[in-house]
Amino acid sequence: MYEKSLRSQIAALEAYAPGLSIEEIQQKYGLSQVIKMASNENPLGTSPMAAEAIRRHAAEAFRYPRGGNPRLVRALADSLGSDSSSIVVGNGSDEIIDMLIRMLAEPGRHNVTCFSPCFSLYPIQAGISGVMVRRVPLNDDFSFDFAALLAMTDADTRLVFTTMPDNPSGFCPKAEDVLGFASALAQRAPQCLLVIDEAYIDFADDEKSASLWTSGRLPSNAAVLRTFSKSYGLAGLRLGFGILPQEIADAYWRARLPFSVNILAEEAALAALRDTCFREATFQTVREGRSLLTKELRDLGCTVWPSQANFLLFKLPEGAIGAADCFEALLRRGIIIRRLKGYGLPDHLRVSIGNRQENAAFLAAMREILTEGGRS
Ligand SMILES: *Cc1c(COP(=O)(O)O)cnc(C)c1O
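Fair warning: this is a prediction, and the values are worked out from it, not measured in the lab.

## A word on the site of the ligand
Turning to step 1, where the next piece is worked out: Neighbouring the ligand are 14 residues, the closest being Asp 197, Tyr 200, Thr 227, Ser 229 and Lys 230.
Turning to step 2, where the next piece is worked out: A distance of 2.6 Å separates an oxygen atom of the ligand from a polar side-chain atom of Ser 229.
Turning to step 3, where the next piece is worked out: The separation between an oxygen atom of the ligand and a polar side-chain atom of Arg 238 is 2.7 Å.
Turning to step 4, where the next piece is worked out: About the coverage of the ligand: the protein hides 93% of its 390 Å² of free accessible area.
Turning to step 5, where the next piece is worked out: A total of 3 residues in the shell around the ligand trace back to one element, the largest contributor, which is helix H5 (residues 92-104).
Turning to step 6, where the next piece is worked out: The residue makeup of the shell around the ligand, split by class, is 4 nonpolar, 6 polar and 4 charged.

Listed below in structure tokens is the structure:
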């Protein structure tokens, strides 16, 4: 009865397709043990200090959080050596992405520009807002064509989204190239904000030089987004943060839903920021696992793209089982990875780096599937 009442952007919407959950696969295939390597979550789980903080503060759940999350913002400013007036926090960096689009781009008039494929949330949230999306294809090797991206922008472009390292490829553009793009963009579209999504940058071999922000070179027309979902191991609590130009940060606090970051997420994050041991162990696990999986998948004849993130994009050997069948064969063995149909990459697969046992189980399953033609 209400179908006709839906705004056209909403009626036409396809749901965001998340990685399959462990419970779904356990039920469908009658498995007791399932390994999930589909959503780039932390291979070591939750930081023990964060888990302890959640337990310790559970009884405060009846309280509203403090507006503006001042303790968390201050802790982030301290830990990142940044000015707290430019830091914002959100219910995942997803919320910040959505807010930036709604705050800066006028529906029906302005546009948002990004690569194709890219993290699907940028075009989805722009579409929901009724803002036009312009897409620029990635190069064949998944590197960025910044000249083409620039050419797609104009005076009505309010946001350009880039992801470094990129999802789903793991490609990380050179900081110099991003800087060059930012300065050309400032000339061409002075009102436009360049959003650099650094969700995975702390997994890079050299975060310090890879990140424009950590290296102190963030241009004034750029913003950086980071998240507690990956290296901090708190994806389920939903917490992201951004470093925004001050006027935009200021408007963000006025425009967002007042309590989108909850009390337990805040306490967990404060603890996770202190748990440097856990993060170091995470980085070591991811870097070791990344080398191992890259090498072993290549030995099996797969094409594996070089990755600076906690996942790998790969393609199966020519003439072997297809990506869809391989994905299913892994599911039957209790291993969930990610298909990329929604990204327009039906022949590619993405696997998140797991812990030692998970990586070993995944490689053993792949060996079986590729040498036996997927029989199970
Ligand atoms: C995982 C991810 C994020 C983080 O999103 P949250 O809402 O903070 O969980 C942001 N950007 C990209 C490209 C991602 O892959």
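Okay, back to it.
## Overview of the sheet that holds strand S13 (residues 348-352)
Turning to step 1, where the next piece is worked out: A sheet is described by the order of its strands in space; here 4 strands give the open sequence S9-S10-S13-S12, paired in antiparallel fashion. Sheet topology places strand S9 (303-304) and strand S12 (338-339) at the edges, where each strand pairs with a single neighbour.
Turning to step 2, where the next piece is worked out: As defined by bridge partners, strand S10 (residues 311-315) adjoins S13 across 5 bridges and the pair is classed as antiparallel. Its bridge partner being in S13, Phe 311 is matched across the sheet by Ser 352.
Turning to step 3, where the next piece is worked out: The strands touched by helix H12 (residues 276-299) within the sheet are S9, S10 and S13, with S10 carrying the most contacts at an inclination of about 10°.

## Description of the pairing of strand S5 (residues 157-163)
Turning to step 1, where the next piece is worked out: Buried residues dominate S5, accounting for 7 of its 7 residues.
Turning to step 2, where the next piece is worked out: Relative to S5, strand S3 (residues 111-116) is paired through 4 bridges, and the arrangement is parallel. Paired with Cys 114 across the bridge in S5 is Phe 161.
Turning to step 3, where the next piece is worked out: What joins S5 to strand S6 (residues 193-197) is helix H8 (residues 175-188), and the crossover it makes is right-handed.

## Overview of the nonpolar core
Turning to step 1, where the next piece is worked out: Grouped together as the largest cluster of nonpolar side chains are 78 residues, with contacts concentrated most on Leu 100, Phe 161, Leu 194 and Phe 228.
Turning to step 2, where the next piece is worked out: When residues in this core are grouped by element, the largest group, 6 residues, is from helix H11 (residues 263-274).
Turning to step 3, where the next piece is worked out: The two domains that each donate at least three residues to this core are domain 1 (3-46 + 277-372) and domain 2 (48-274).
Turning to step 4, where the next piece is worked out: Aside from chain neighbours lying at most four places away, what touches Phe 228 is Leu 76, Gly 233, Leu 234, Ala 235, Leu 239, Gly 240, Phe 241, Ala 269 and Leu 273.
Turning to step 5, where the next piece is worked out: In terms of nonpolar packing, the next biggest core, distinct from the first, is built from 38 residues, Ile 35, Ala 38, Ile 321 and Leu 363 among them.

## What about the packing of H5 against helix H10 (residues 246-255)?
Turning to step 1, where the next piece is worked out: Their axes nearest at 11 Å, the elements H5 and H10 cross at an angle of 100°. On the basis of the axis angle, H5 is roughly perpendicular to H10. Across from Glu 95, Ile 96, Met 99, Leu 100, Met 103 and Leu 104 in H5, the residues of H10 making contact are Ile 248, Ala 251, Tyr 252 and Ala 255.
Turning to step 2, where the next piece is worked out: Grouping the amino acids of the contact of H5 with H10 by side-chain chemistry returns 9 nonpolar, no polar and 1 charged.

## Here we look at helix H14 (residues 356-371)
At 3.6 residues per turn, the α-helix brings residues three or four places apart onto the same side.
Turning to step 1, where the next piece is worked out: A rise of 1.5 Å per residue sets the reference length of H14, with its 16 residues, at 22 Å; its end C-alpha atoms lie 22 Å apart and thus fit the reference within 8%.
Turning to step 2, where the next piece is worked out: Among all positions in H14, only Glu 358, Asn 359, Phe 362, Leu 363, Ala 365, Met 366, Ile 369 and Leu 370 are buried. The arc that holds the buried residues of H14, viewed along the axis, is 165°, so those residues lie on one side. Seen from the buried face of H14, the exposed residues on the opposite side, beyond 90 degrees, are Arg 356, Gln 357 and Thr 371.

## A word on the domain arrangement of the protein
Turning to step 1, where the next piece is worked out: Domain annotation for the protein reports domain 1 (3-46 + 277-372) and domain 2 (48-274).
Turning to step 2, where the next piece is worked out: Placing the centre of domain 1 and that of domain 2 at their C-alpha centroids yields a distance of 24 Å.
Turning to step 3, where the next piece is worked out: For the domain 1 face of the interface with domain 2, the top three residues by lost area are Arg 279, Gln 308 and Tyr 343, together amounting to 25%.
Turning to step 4, where the next piece is worked out: Taken together, domain 1 and domain 2 are joined by 2 salt bridges.
Turning to step 5, where the next piece is worked out: Where Arg 279 meets Asp 202, a salt bridge forms, and the shortest distance between an N and an O atom there is 2.6 Å.
Turning to step 6, where the next piece is worked out: Run the count over domain 1 and domain 2 and you get 15 residue pairs in polar contact (both at pLDDT 80 or more).

Each value, and the rule that gives it
Residues numbered from 1 in each chain as written. Predicted model: local features only at pLDDT ≥ 70, side-chain atom pairs only at ≥ 80, totals over all residues. Heavy atoms only, no water. Near = heavy atom within 4 Å. Polar contact = N/O pair within 3.5 Å; in protein donor to acceptor, adjacent residues only side chain to side chain. Areas by Shrake-Rupley, 256 points an atom, 1.4 Å probe, with all protein chains shown as cover. Helix = DSSP H or I, 4+ residues; strand = E, 2+ residues; numbered from the N terminus. Nonpolar A, V, L, I, M, F, W, Y, C, P; charged D, E, K, R; others polar. Pairing = 2+ DSSP bridges. Contact = heavy atoms within 4.5 Å. Axes fitted to C-alpha atoms, helices over the stretch in contact; angles between N-to-C directions. Buried < 20%, exposed > 50% of the residue type's maximum accessible area, 1.4 Å probe, protein only. Right-handed = clockwise from strand over helix to strand, strands pointing away. Core = buried A, V, L, I, M, F, W, Y, C linked by side-chain atoms within 4.5 Å. Domains from an automatic or database assignment. Parallel < 35°, antiparallel > 145°, perpendicular 65-115°, else oblique. Expected span 1.5 Å × (residues − 1). Arc of directions from axis to C-beta. Buried area = accessible area lost by both parts, 1.4 Å probe. Salt bridge = Lys/Arg side-chain N within 4 Å of Asp/Glu carboxyl O.

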